[in-house]
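Tertiary structure, described
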Amino acid sequence: MSKQKTIPPIDTPEPTHPIPHHPFFDFDKEQASFIDCIDAIDRVGAMIELCDFLKLDGDSEGGLTPKAAFGYYWVSVLTRGTLSYVSDRLMALHRQEQEKYQGKAAYLSALLRSLPSLGGVNRDRFLNNAAAQMDISRSELDQFVRQTAKS
């Protein structure tokens, strides 16, 4: 009988050169924060300004070398991908913030509706503590409560 050959498992090869970081992002997290997105937009803007200055998309100077054309292509791919990702990420961050504030608004609404059921002394104590926690004056809090109750 012949001995059957076994194929060794394919290992993921290690890159021979270090993989460069994304030119528009500089973060270690899985998802970009709001500030990371704004920084990426600023970097994209700087790259677009540089490409406009270099006139990389015109043939007035005899065209681009193949390497320059390849580089320009990847700059445009990275720019489009970055702007698409940033747009999606900012919408997700906005949705998260909106949900958080809607939850807080529901709690605040419930608290304001429960104020009349508190006795006079307990209500004053509650409002004094709330004003102190929010670092505003009691009169500002009373004004807010009156405006909210009217609406």
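Scope of this entry: the structure provided in the associated data block. Values in this document were obtained by computation on a predicted structure and should not be read as measured data. (Residues numbered from 1 in each chain as written. Predicted model: local features only at pLDDT ≥ 70, side-chain atom pairs only at ≥ 80, totals over all residues. Heavy atoms only, no water.)

1. Side note on the packing of helix α3 (residues 120-134) against helix α4 (residues 138-150)
Interaxial distance between α3 and α4 falls to 9 Å at its minimum, and their mutual angle equals 110°. Judged on the interaxial angle alone, α4 and α3 are roughly perpendicular. Contacts from R123, D124, L127, N128, A130, A131 and M134 in α3 reach R138, L141, D142 and V145 in α4. Across the contact of α3 with α4, the residue classes tally to six nonpolar, one polar and four charged. (Axes fitted to C-alpha atoms, helices over the stretch in contact; angles between N-to-C directions. Helix = DSSP H or I, 4+ residues; strand = E, 2+ residues; numbered from the N terminus. Parallel < 35°, antiparallel > 145°, perpendicular 65-115°, else oblique. Contact = heavy atoms within 4.5 Å. Nonpolar A, V, L, I, M, F, W, Y, C, P; charged D, E, K, R; others polar.)

2. Topic: the layout of surface pockets
Estimated volume of the largest pocket: approximately 190 Å³. In this structure, the largest pocket is lined by L108, L111, L112, L115, F126, L127, A130, M134, L141, F144 and V145. When residues of the lining of the largest pocket are traced back to their parent elements, those giving at least two are α2 (66-114), α3 and α4. Residue contributions to the lining of the largest pocket peak at four residues, all from α3. (1 Å grid on protein atoms, 1.4 Å probe; cavity = no way out; pocket = protein on both sides within 12 Å on 5 of 7 lines; lining within 4 Å. Points joined across faces, edges and corners; volume = space filled by probe spheres on them.)

3. Overview of the side chain of T79
Inspection of the secondary structure assignment puts T79 in helix α2. The class of T79 is buried, set by a relative accessible area of 10%. The contacts of T79, once residues within four sequence positions are left out, are F24, V44 and I48. (Buried < 20%, exposed > 50% of the residue type's maximum accessible area, 1.4 Å probe, protein only.)

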